[in-house]
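These are the residues of each chain, in order.
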Amino acid sequence: MEKFKAIINNQEIESNSWLDIMDPTTDEVYAQVSALSAQEIDSAFKAAKAAQKKWEAIGIEKRTEFLIRWRDLLLKNEEDLATTMMHEIAKAYKDCLTEVRRTAEYIDLTISEYNDLQVLTFDKNSKGVTEDIVAEYKRIAKGVGVGISPFNYPINLAVSKLAPGLLTGNTFVFKPATQGSVVGIKIGQLAIEAGIPAGVLNVVTGRGRDIGDVIVTNPLIDFISFTGSVPVGRRLMEISSSKDLVLELGGKDAAILLDEHNLENIAKDIVAGAFSYSGQRCTAIKRVITTDNIADKITPLIKAEVAKLTVGLPNENPIITPMIDKKSADFVTDLINDAVKKGATLVYGGTRDKNLLQPTLLDNVTVEMNVAWEEPFGPVLPIIRINEIEDMISVANKSNFGLQTSIYSKDVDLAYKVAEQLEVGTVNINRRTQRGPDVLPFLGVKDSGFGVQGIKETILSTTRYRGIIIKK
Ligand code: NAD
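- If you look the protein chain up in an unreviewed UniProt entry, it shows as NADP-dependent glyceraldehyde-3-phosphate dehydrogenase from Mesoplasma florum.
- In UniProt, the protein chain has this text filed under Sequence similarities (unreviewed entry): "Belongs to the aldehyde dehydrogenase family."

**Section: the site of the ligand**
Move 1: Taken together, 26 residues lie around the ligand, and Ser149, Lys175, Ser229, Leu249 and Glu375 are the ones closest in.
Move 2: At 2.6 Å from an oxygen atom of the ligand is found a side-chain nitrogen or oxygen belonging to Ser229.
Move 3: Between Leu249 and the ligand, the recorded distance is 2.7 Å, taken from a backbone N or O atom to a nitrogen atom.
Move 4: Compared with its free state, where it exposes 850 Å², the ligand has 88% of that area covered by protein.
Move 5: If you list the elements that add at least two residues to the shell around the ligand, you get α7 (208–216) and β11 (223–227).
Move 6: A per-element tally of the shell around the ligand places α7 first, with four residues.
Move 7: Tallied by class, residues from the shell around the ligand come to twelve nonpolar, nine polar and five charged.
Move 8: Split by domain, the residues of the shell around the ligand number at least three in each of domain 1 (3–249 + 449–471) and domain 2 (253–440).

**Thoughts on the UniProt feature "active site" (unreviewed entry) in the protein chain**
Move 1: UniProt feature "active site" (unreviewed entry): in the numbering of this structure it lies at Glu248.
Move 2: On the secondary structure map, Glu248 appears in strand β12 (residues 245–248).
Move 3: On the basis of relative accessible area, Glu248 is assigned to the buried category, the value being 2%.
Move 4: Each residue touching Glu248, except ones within four places of it in the same chain, is listed here: Phe226, Thr227, Gly228, Phe442, Leu443, Gly444, Ser448, Gly451, Val452 and Gln453.

**Remarks on the pattern of salt bridges**
Move 1: One pass over the full model with this rule turns up 27 salt bridges.
Move 2: Residues Glu14 and Lys5 are paired through a salt bridge, measuring 2.7 Å at the closest nitrogen-oxygen approach.
Move 3: In this structure, Lys94 and Asp95 form a salt bridge, with 3.4 Å as the shortest nitrogen-oxygen distance.
Move 4: Residue classification places Lys94 among the partly exposed positions, given a relative accessible area of 37%.
Move 5: For Asp95, a relative accessible area of 28% corresponds to the partly exposed category.
Move 6: A single network of salt bridges, built from pairs that share partners, joins Asp292, Asp296, Asp363 and Arg385.

**Focus on the UniProt feature "domain: Aldehyde dehydrogenase" (unreviewed entry) in the protein chain**
Move 1: With numbering matched to this structure, UniProt assigns "domain: Aldehyde dehydrogenase" (unreviewed entry) to residues 17–465.
Move 2: End C-alpha atoms of residues 17–465 are separated by 42 Å, and the span's content is 42% helix alongside 22% strand.

**Thoughts on the packing of helix α4 (residues 93–115) against helix α5 (residues 156–167)**
Move 1: Relative to each other, α4 and α5 sit at 20 degrees, their axes nearing to 10 Å. If you check the angle between α4 and α5, you find them roughly parallel. Note that α4 runs across α5; the crossing there is right-handed. Only Asn156, Val159, Ser160, Ala163, Pro164 and Leu167 of α5 make contact with α4, whose side of the interface consists of Glu99, Arg102, Thr103, Tyr106, Ile107, Thr110, Ile111 and Tyr114.
Move 2: Of the residues assigned to the contact of α4 with α5, the class counts are eight nonpolar, four polar and two charged.

**A look at the pairing of strand β21 (residues 426–429)**
Move 1: Examined bridge by bridge, strand β20 (residues 404–408) and β21 share four bridges and lie parallel to one another. What sits directly across from Ser406, in β21, is Asn428.
Move 2: Regarding topology, helix α13 (residues 412–419) serves as the crossover connection from β20 to the parallel β21, and that connection is right-handed.

**Quick look at the nonpolar core**
Move 1: The biggest cluster of nonpolar side chains holds 54 residues, and the ones touching the most others in it are Phe66, Trp70, Leu166 and Ile187.
Move 2: It is α4 that contributes the most residues to this core, seven residues altogether.
Move 3: Domain assignment of the residues forming this core places at least three in each of domain 1 (3–249 + 449–471) and domain 2 (253–440).
Move 4: Residues contacting Trp70, with those up to four places away along its chain left out, are Ile107, Val159, Leu162, Leu166, Ile187, Leu190, Ala191, Ala194 and Leu201.
Move 5: The next biggest cluster of nonpolar side chains, apart from the first, holds 30 residues, and it includes Leu258, Leu335, Val371 and Ile384.

**Here's the deal with the pairing of strand β13 (residues 253–257)**
Move 1: Among the five residues in β13, five count as buried, and that is most of the element.
Move 2: Neither face of β13 is open: one carries Asp253, Ala255 and Leu257, the other Ala254 and Ile256, and all of them are buried.
Move 3: Across four bridges, β13 lies against strand β14 (residues 285–290) in parallel orientation. Considered in β14, the bridge of Ala255 is made with Val288.
Move 4: Taken together, the four bridges between β13 and β20 define a ladder with parallel strand orientation. Across the sheet, the residue bridging to Ile256 is Ile407, located in β20.

**A word on the sheet that holds strand β6 (residues 120–123)**
Move 1: Read from one edge of the open sheet, three strands run β6-β7-β25, paired in antiparallel fashion. Two strands close off the open sheet at either side, each with one partner strand: β6 and β25 (463–471). Taken pair by pair, the neighbouring strands of this sheet meet at an average axis angle of 15 degrees, ignoring direction.

Parameters at a glance
Residues numbered from 1 in each chain as written. Predicted model: local features only at pLDDT ≥ 70, side-chain atom pairs only at ≥ 80, totals over all residues. Heavy atoms only, no water. UniProt positions renumbered as here; feature names shortened; annotations may be inferred. Near = heavy atom within 4 Å. Polar contact = N/O pair within 3.5 Å; in protein donor to acceptor, adjacent residues only side chain to side chain. Areas by Shrake-Rupley, 256 points an atom, 1.4 Å probe, with all protein chains shown as cover. Helix = DSSP H or I, 4+ residues; strand = E, 2+ residues; numbered from the N terminus. Nonpolar A, V, L, I, M, F, W, Y, C, P; charged D, E, K, R; others polar. Domains from an automatic or database assignment. Buried < 20%, exposed > 50% of the residue type's maximum accessible area, 1.4 Å probe, protein only. Contact = heavy atoms within 4.5 Å. Salt bridge = Lys/Arg side-chain N within 4 Å of Asp/Glu carboxyl O. Axes fitted to C-alpha atoms, helices over the stretch in contact; angles between N-to-C directions. Parallel < 35°, antiparallel > 145°, perpendicular 65-115°, else oblique. Left-handed = near helix turned anticlockwise from the far one by under 90°. Pairing = 2+ DSSP bridges. Right-handed = clockwise from strand over helix to strand, strands pointing away. Core = buried A, V, L, I, M, F, W, Y, C linked by side-chain atoms within 4.5 Å.

Put into structure tokens, the structure is as follows:
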């Protein structure tokens with residue numbers, strides 16, 4: 001079995017302990033990664049701190065050249081990266097390849113967005129400036145960043161934190177999720193091959209609950225970018241040594257259907273939104289809210305689409321693959337059982353073979369059932385029947401989450417009015433909830449997050465203004 005060593009100061013760390021990385025499809029150990037000690041984590045921060053000023057001073061051209069070489073190496077190694085990801089997180093191989101390619105595009109867009117960044121200048125001709133001065137406000141690196149990523153997009157959600165921050169002159173301690181650590185180390189190795197100086201990108205591994213506190217409380221941290229679950233995000237907010245946080249957390253995205261227009265296509269869109277990668281996406285549709293009449297019509301259409309979903313192992317490229325681990329699969333099973341026990345109709349699915357759950361559709365879900373509120377992060381879709389628009393909005397807003405919502409209606413003006421009343425980061429009208437183009441801002445409100453991601457936003461959140469004012 002292969003062992004993968006964490007990277008600190010461009011050196012592979014000879015750690016004494018190892019962490020098992022499982023293959024979710026077999027539930028057997030696939031590889032091992034270093035389980036670092038608190039002392040080793042501290043040395044990663046020291047390396048990042050020592051490298052930062054030099055990395056910033058080397059200039060934007062050199063940092064851009066590095067990013068381009070890194071991007072090229074990601075693409076050159078796309079098959080290996082995709083295969084690793086497929087084993088670590090049981091994502092369909094073709095989706096893993098897509099993720100690598102999308103990440104390469106993310107790097108290109110980062111470079112072009114940075115080039116568009118304006119330096120702010122003021123002089124006595126500027127509105128409100130009466131003194132004879134010339135003022136320049138440039139964005140500069142914040143310093144040492146922490147990037148912590150979740151399992152579900154181990155390359156994209158790592159590089160989307162790292163690329164903008166590295167380009168702007170920051171150095172990083174990056175901690176991938178346990179499932180996703182091998183690919184996290186591999187992108188670190190490719191950064192070294194691309195010529196990144198020692199200390200600029202340190203990849204630390206170990207179980208989050210063991211080393212998480214040590215990472216987020218290090219006094220050398222200037223900012224933290226975290227993507228993951230609400231409980232971990234909350235803890236991080238409570239104990240972190242940095243007040244500069246971007247947190248992208250869970251969701252309970254609703255699809256609200258306001259009328260009976262175009263139901264066949266909407267059923268297809270909802271099923272694609274709810275079940276791709278077995279529903280293990282922050283922006284997956286996690287509940288449908290609609291009237292009795294519409295539900296009577298759309299439920300059979302959704303059921304027909306769910307029945308078409310391919311189910312199998314990731315190398316067969318199905319939509320539904322085994323869930324990330326037994327604990328997560330148990331959680332979804334419990335949600336389904338709780339709903340059925342309380343009177344929900346099991347329309348489709350409900351069965352399971354180890355971590356592989358059949359896609360499951362539940363109708364007549366009520367607000368008393370856990371599945372109406374919890375984020376399953378698995379292949380189950382509840383339909384909640386509510387007849388008045390005000391009540392739909394109220395149930396949608398009652399969730400602690402606030403990531404995205406979809407509204408489907410032929411009356412776009414009405415949908416827009418509903419959109420304005422929803423407590424979420426983004427509302428999609430007549431399209432499923434999704435990340436969408438990486439240049440769009442991406443954010444959650446309430447428990448779904450704090451701060452904004454997106455290429456421009458990450459460039460901004462990893463930099464600060466430095467003003468220099470000269471009196472003439
Ligand atoms: P998770 O919270 O279990 O883990 C996320 C990361 O935090 C991992 O790297 C993990 O090792 C680390 N971690 C665990 N305990 C820690 C601690 N005490 N201190 C610091 N770090 C710790 O989440 P997950 O299961 O990997 O991912 C699924 C969750 O992520 C879902 O809730 C999903 O909605 C959310 N997510 C959100 C977005 C978004 O952009 N809003 C995107 C993807 C996933």
